[in-house]
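Given next are the chains, with one letter for each unit.
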Amino acid sequence: MPPTGTSGRSVGAVPAYLDHASTTPLHPAARAALLVALDEGWADPARLYREGRRARMLLDAARESVATVLGARPDEISFTSSGTTAAGAALLGTATARRRAGRVVMVSAVEHSSVLHAAAVHEGAGGQVVQVGVDGHGRVDPAAFTPVPGTAVASLQHANHEVGTLQPVAEVARRLHEAGVPLHTDAAVTVGHVPVDVRALGVDLLTASAHKFGGPPGVGLLVVRTGTRWRSPGPTDEREGGRVAGFPAVPAIVATAAALEARTSELAAEGPRLAGLVAELRRRLPALVDGVELLGDPDPTGSVRHICAFSCLYVAGEALLDGLDRAGIAVSSGSSCTSDALTPSHVLVAMGALTHGNLRISFGRDSTQADVDALLDVLPGVVREVRARFGAADLDHTP
Amino acid sequence: MVDARGRRCPLPIIDLARAIVTVTPGATVTLWADDPAAGPDVAAWCRLRAQELVSSRTLPSGGDEFVIRRRT
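Residues numbered from 1 in each chain as written. Chains lettered and ligands numbered in written order. Predicted model: local features only at pLDDT ≥ 70, side-chain atom pairs only at ≥ 80, totals over all residues. Heavy atoms only, no water.

Asker: When you look at the overall build of chain A in this model, what are you seeing that I'm missing?
Answerer: Helix and strand content of chain A: 10 helices and 12 strands. Here the C-alpha radius of gyration of chain A, 22 Å, is about what a compact globule of 399 residues would show, namely 21 Å. Residues counted as buried form 57% of the 399 residues belonging to chain A. Within chain A, contacts between residues separated by at least 24 positions form 71% of all contacts whose residues are at least 6 apart in sequence. Accessible surface for chain A amounts to roughly 15,600 Å². Of this, 56% is attributable to carbon and sulfur atoms. (Helix = DSSP H or I, 4+ residues; strand = E, 2+ residues; numbered from the N terminus. Rg over C-alpha atoms; globule rule 2.2 N^0.38 Å. Buried < 20%, exposed > 50% of the residue type's maximum accessible area, 1.4 Å probe, protein only. Contact = heavy atoms within 4.5 Å. Areas by Shrake-Rupley, 256 points an atom, 1.4 Å probe, with all protein chains shown as cover.)

This is the structure we're talking about:
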């Protein structure tokens, strides 16, 4: 058995796991809660016998805990099977309920695929989708989010999943509300990573994903604020306030609440620590690798604190991933050669960023200075080697 | 004139970088490419290298044509 870290992940297998924005290991508090809840919360929470009541109590406590962290009411919280499912339900459920207000759904051009796929379903059903562009940092201009006539609902992410840029959600919510249009925010990048409060944001719907903040896979959060017009786009039953059909994963939901609570209590210390790792990467990269374009907002207050993205001239993202993987460093890329469809990331395209040679480094709870050092030790050599292989070694790489 | 059709990114951009230094400042290079990343990457490369993307159009025979003027 290789040694395991505090998170329980195998530290020996991956010297530097730097893809925490894709998913992050289970938080120790979530693991402990999950094990207890598997024994205590296995029964049907809708049943009235003792075991059912016990599962119900665990589920209610988890809902209350999540509501407290997010500044919501417990009856505004529903648990889905993933963040993607939650985002789809949020957007399509509001578009369905507000059909008489109009058939337009507004989304930013840099939303996660879950939101864009939901918008595509709306369009396929005869609706209209209006995309709002972004600037070079990947941020929307709130003025551009002024609703067009017939807008049923709008969706703007809290922060971007590829470059970390925070969006002006509160200001966009204000503008939309002046026209009576509700706003959904996909907060999968921010919940558990920066303070998130639905009332402060002023949003009507918020969604997130447990496995991105140290909860288990298979749980999404759907917040529908009281008074928001929403109707399930699919069949429903009596579960989750009539918003999410099917038997709830009580043990995983209990673990989700434990992860969120623990992560929230760690934020004051963890936020600045991870921001320090990102700042160091952004400072040292241009000196170590020629032809690097740092992406996202250079002002750290305009970004989440755990994501650092950049592109390197004249290298294929896939070759970079491969070279780093051979050195035991796990990161992700938005370059076309790394996607199944061989198309570049829509986020990078919308920002006007270089799409080839792209990497996203994302830190988590067990990331350390040693991870940054491991990456920066290996990356310059990998870039040089890939450029030589592509016949670009002699080109001037200075951007 | 560089025909980089059939070549995957970043190869068309490497071809462009190689071709631009063969023309005098003020003159243009015409690049043909059909990789889906070529459009955004030609524009981003021009921005990063302070070159000028003069025009682009879809080719009837497939792919896109980009005309880039050497500035420096």
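Asker: Any chance you could explain the confidence of the model for chain A here in plain terms?
Answerer: It should be kept in mind that the predicted coordinates are not to be read in detail where pLDDT is low. Per-residue pLDDT for chain A averages 94, and the proportion of residues at 70 or more is 96%. Counted against residues more than four places away or in other chains, residues 1–11 of chain A, with its pLDDT under 50, gives 22 contacts. (pLDDT = per-residue confidence, 0-100.)

Asker: Could you clarify how one ought to interpret helix α2 (residues 38–49) of chain B in this entry?
Answerer: An α-helix turns once every 3.6 residues. As a result, residues three or four positions apart point the same way. A rise of 1.5 Å per residue sets the reference length of α2 of chain B, with its 12 residues, at 16 Å; its end C-alpha atoms lie 16 Å apart and thus fit the reference within 8%. Among the 12 residues of α2 of chain B, 9 are classified as buried, and the element is accordingly described as predominantly covered. Inspection of α2 of chain B places A38, P40, D41, V42, A44, W45, C46, L48 and R49 of chain B among the buried residues, and these make up the whole buried set. Lining the buried residues of α2 of chain B we find β9 (292–294) and α9 (346–351) of chain A together with α1 (11–20), β2 (28–33), β3 (52–58) and β4 (64–69) of chain B. Phi for A50 of chain B, located one or two positions after α2 of chain B, is positive at around 55°. (Expected span 1.5 Å × (residues − 1).)

Asker: Explanation requested: the interface of chain B and chain A in the structure shown.
Answerer: Interface size is commonly expressed as the accessible surface area that is lost when the partners come together. Facing 17 residues of chain B, the contacting portion of chain A comprises 23 residues. Taking both sides of the interface into account, the surface hidden between chain B and chain A amounts to around 1,600 Å²; carbon and sulfur atoms contribute 61%. The tally of links from chain B across to chain A stands at 2 salt bridges. Notably, a salt bridge pairs D394 of chain A with R18 of chain B, separated by 3.0 Å at the nearest N-O pair. Here chain B is connected to chain A by 8 residue pairs in polar contact (both at pLDDT 80 or more). Listed by contribution, the elements that provide at least two residues to the side of chain B that touches chain A are α1 and α2 of chain B. It is α2 of chain B that provides the largest number of residues to the side of chain B that touches chain A, a total of 7 residues. Counted by class, the side of chain B that touches chain A contains 12 nonpolar, no polar and 5 charged residues. (Buried area = accessible area lost by both parts, 1.4 Å probe. Salt bridge = Lys/Arg side-chain N within 4 Å of Asp/Glu carboxyl O. Polar contact = N/O pair within 3.5 Å; in protein donor to acceptor, adjacent residues only side chain to side chain. Nonpolar A, V, L, I, M, F, W, Y, C, P; charged D, E, K, R; others polar.)

Asker: Would you mind going over the side chain of R70 of chain B with me for this structure?
Answerer: Residues and elements named next belong to chain B. Considering the arrangement of structural elements, one finds R70 in the segment after β4. Residue class for R70 comes out buried when judged on its relative accessible area of 18%. Reaching out from R70, the side chain makes a polar contact with the backbone oxygen of V21 at a distance of 3.5 Å. R70 has contacts with I20, V21, V23, T24, P25, G26, A27 and Q51, leaving out every residue within four places of it along the chain.

Asker: Quick question: what am I supposed to make of the confidence of the model for chain B here?
Answerer: Per-residue pLDDT for chain B has a mean of 96; in total, 100% of the residues score no lower than 70. The complex model carries a pTM of 0.95, and its ipTM stands at 0.96.

Asker: For this particular structure, what's the right way to read the layout of surface pockets?
Answerer: Over the atoms, a rolled probe matching the size of one water molecule traces out where space is still vacant. Of the pockets and cavities examined, the largest pocket occupies roughly 590 Å³. The class makeup of the residues in the lining of the largest pocket is 6 nonpolar, 14 polar and 4 charged. Counting the residues that make up the lining of the largest pocket, at least three belong to each of domain 1 (16–26 + 267–395) and domain 2 (28–261) of chain A. Here the second largest pocket is characterised by a volume of approximately 210 Å³. Lining the second largest pocket, in full, are Y314, L395 and D396 of chain A together with A17, I20, V21, W45, R49, Q51, R70 and T72 of chain B. Those elements that provide at least two residues to the lining of the second largest pocket are α1 and α2 of chain B. (1 Å grid on protein atoms, 1.4 Å probe; cavity = no way out; pocket = protein on both sides within 12 Å on 5 of 7 lines; lining within 4 Å. Points joined across faces, edges and corners; volume = space filled by probe spheres on them. Domains from an automatic or database assignment.)

Asker: Looking at this structure, how should I read empty space enclosed by the protein?
Answerer: Residue and element names in this part refer to chain A. Applying the stated criterion to the full structure yields 3 cavities of 30 Å³ or more. By volume, the largest cavity is sized at about 110 Å³. If you go around the largest cavity, you meet 15 residues; those closest to its centre are T24, P25, G214, G364 and R365. Residues that form the lining of the largest cavity fall into these classes: 5 nonpolar, 7 polar and 3 charged.

Asker: Is there a simple way to think about the packing of helix α7 (residues 250–288) of chain A against helix α10 (residues 369–389) of chain A in this case?
Answerer: All names here are of chain A. In the contact formed by α7 and α10, the axes pass within 11 Å of each other and the chain directions differ by 15°. If you check the angle between α7 and α10, you find them roughly parallel. Like other packed secondary-structure pairs, α7 and α10 cross with a definite hand, here right-handed. Across from L277, E280, L281, R284, L285 and L288 in α7, the residues of α10 making contact are Q369, V372, D373, L375, L376, L379 and P380. (Axes fitted to C-alpha atoms, helices over the stretch in contact; angles between N-to-C directions. Parallel < 35°, antiparallel > 145°, perpendicular 65-115°, else oblique. Left-handed = near helix turned anticlockwise from the far one by under 90°.)

Asker: I would appreciate a short explanation of the pairing of β2 of chain B in the present structure.
Answerer: Within a regular beta strand, the side chains point alternately toward one face of the sheet and then the other, so they alternate between its two faces. All names here are of chain B. In this structure, strand β1 (residues 2–3) lies alongside β2, joined through 2 bridges in parallel fashion. The residue bridging D3 from the neighbouring strand is W32, located in β2. With α1 bridging β1 and the parallel β2, this β-α-β connection has right-handed handedness. Strand direction decides the pairing type here: β2 and β4, joined by 6 bridges, are antiparallel. Within β4, the residue paired with T30 across the bridge is V67. (Pairing = 2+ DSSP bridges. Right-handed = clockwise from strand over helix to strand, strands pointing away.)

Asker: Teacher, can you tell me more about the environment of S113 of chain A here?
Answerer: Residue and element names in this part refer to chain A. Note that S113 resides in helix α4 (residues 113–124). For S113, a relative accessible area of 30% gives the class partly exposed. Expressed as a C-alpha distance, the spacing of S113 and H346, which sit 233 residues apart in the sequence, is 9.3 Å.

Asker: Even after reading the chapter, I still don't get the domain arrangement of chain A, so can you show me in this structure?
Answerer: All names here are of chain A. Under the domain assignment used here, chain A contains domain 1 (16–26 + 267–395) and domain 2 (28–261). Each of domain 1 and domain 2 has a C-alpha centre, and the two are 28 Å apart. Every contact between the two is made by 28 residues of domain 1 and, on the other side, 34 residues of domain 2. Taken over both partners, the interface formed by domain 1 and domain 2 buries close to 2,400 Å², and the fraction arising from carbon and sulfur atoms is 59%.

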